[in-house]
Structure formats: structure tokens, C-alpha cells
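Breakdown of the fold
The residues making up each chain are set out below.
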Amino acid sequence: MTNITLALGDITEQSVDAVVNAANSSLLGGGGVDGAIHRRGGSDILDECRDLRASRYGKGLPAGQAVATTAGRLPARWVIHTVGPVFSTTEDRSATLASCYRESLRVADELNALTVAFPAVSTGVYRWPLDDAARIALTTVRDADTAVTEARFVLFDQRAYDAFETALNALPPA
Ligand code: ADP
């Protein structure tokens, strides 16, 4: 069973087997978590992302999918890059957001990563409301079939932490 934990802080400082990146589909870096991971992790991560683009993702990594690189200078072994959906008021993209978490855990299992740190995917530049994003993230991870022992949600500010804590306490029984 996966133990879900919450932490307030910076995902680039987490000592875990794998850190999940809220990447954009280009895989070539961006702002937010993505910028922080590339800045702190160093150029090895970007080099591997470029190789992935050239070999497998010429059109970019589609939203809801996940792919791994090594973690450069981060205190983790792997970075799992996933692309969240942009929030839409006219289209329900919840399944794609859930897929980010499920696919990240599937990649973690392939890597034999037991501890995984997640950011709140899509809640920054992609504007997904925190409460809803937290509910989707927590339900999906709680219900996933995975060997990961700890899924640590690393929330960057108190507002995000509170949203995840409230959603965790309100999680319906499995
Ligand atoms: P997206 O494009 O998927 O919305 P962002 O990186 O813009 O991705 O934001 C996702 C979430 O990550 C936001 O809640 C943002 O506050 C948070 N965040 C930004 N930097 C960090 C960091 N260094 N560690 C953890 N979370 C972060």
C-alpha cells in the first residue's frame, strides 16, 4: 500500500528515488517546478530531455503521459516528467490530470523507485483550481496499483498545503 504524505517546501530538495516534474510538452524546460528542477538539477536533465524529443517525442510529450530521465545534481535518482492538462472551463480534462499521476507511478514502478515526490500538477501556469486538483491527485494515487511505498506531495505554499490536507481528510473510502 502506498503511504501518502504531504510536505510544505521545494520539490528540488526532496531526497527520494524519483521526483515528478510538471513539464510542458516540449520537454525543453519552462517556468514553475520545471524551471526549478532544471536549474537545480543541471544540464544533464535537459540533455536527456533533448534526446527523448529526438528519439521518441518529436511532436512533444502528450498531456497525461510520463517519461523518466536521471536527476542530475538533485538529491533523487530520477526525474519523471509528466505533462498536465491546461485547465478548461468548457471541457472536463480530469481524466488527463489523473493519468499524469497514474502514468508517473507506472514509470516509477518500471524504475523500481519506491519513494516518489509529486508537485501539484497543473495548479500553476495551467490554472487548475487547487481543491479540485488535490482531490484528483490524492484519489488517483490512493487507488493506484503500484509498488511505490511513499507518495509525497510537495506543496510550495501554505495555500496549496492546506488544500491538499483538506482533500486528504475528505477522501472517500477506497
Ligand atoms: P503547471 O504548468 O503544471 O501548472 P507549474 O510549475 O506552473 O506547473 O505549477 C505547478 C505547482 O507547482 C504550483 O502549485 C506551483 O506553486 C508549484 N511549484 C512551483 N515551484 C515549485 C517547487 N520548486 N517545488 C514544489 N512546487 C513548486
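Analysis parameters
- Residues numbered from 1 in each chain as written.
- Predicted model: local features only at pLDDT ≥ 70, side-chain atom pairs only at ≥ 80, totals over all residues.
- Helix = DSSP H or I, 4+ residues; strand = E, 2+ residues; numbered from the N terminus.
- Expected span 1.5 Å × (residues − 1).
- Buried ≥ 20, exposed ≤ 12 C-beta atoms within 10 Å, placed from the backbone.
- Contact = placed C-beta atoms within 7 Å.
- Pairing = 2+ DSSP bridges.
- Axes fitted to C-alpha atoms, helices over the stretch in contact; angles between N-to-C directions.
- Near = placed C-beta within 6 Å.
- Nonpolar A, V, L, I, M, F, W, Y, C, P; charged D, E, K, R; others polar.

**Remarks on helix α3 (residues 94–110)**
Taking 1.5 Å of rise per residue, the 17 residues of α3 would be expected to cover 24 Å, and the 25 Å separating its terminal C-alpha atoms lies within 8% of that figure. Every buried residue of α3 is accounted for by Leu97, Ser99, Cys100, Tyr101, Ser104, Leu105, Val107 and Ala108. Those residues of α3 that are buried are in contact with β2 (16–23), β3 (66–70), β4 (76–83), β5 (115–118) and α4 (130–143). Where α3 ends, the next residue or the one after it, Asn112, has phi of about 60°, a positive value.

**So, the sheet that holds β3**
Strand order in the open sheet formed by 6 strands is β1-β6-β5-β2-β4-β3, and the pairing between neighbours is mixed. What marks the edges here is a single partner per strand, and that holds for β1 (3–8) and β3. Across the sheet, the axes of successive neighbouring strands diverge by a mean angle of 25°, strand direction being ignored. Relative to the sheet, helix α1 (residues 32–41) contacts β2 and β4, its axis offset from that of β2 by approximately 130°. Set on the sheet, helix α2 (residues 43–55) makes contact with β3 and β4; between it and β3 the angle comes to about 135°.

**Some remarks on the site of the ligand**
By nearness alone, 21 residues border the ligand, and Ala22, Gly32, Gly124, Tyr126 and Phe156 come closest of all. Top contributing element to the shell around the ligand by residue count: α1, with 4 residues. By residue class, the composition of the shell around the ligand is 12 nonpolar, 7 polar and 2 charged.

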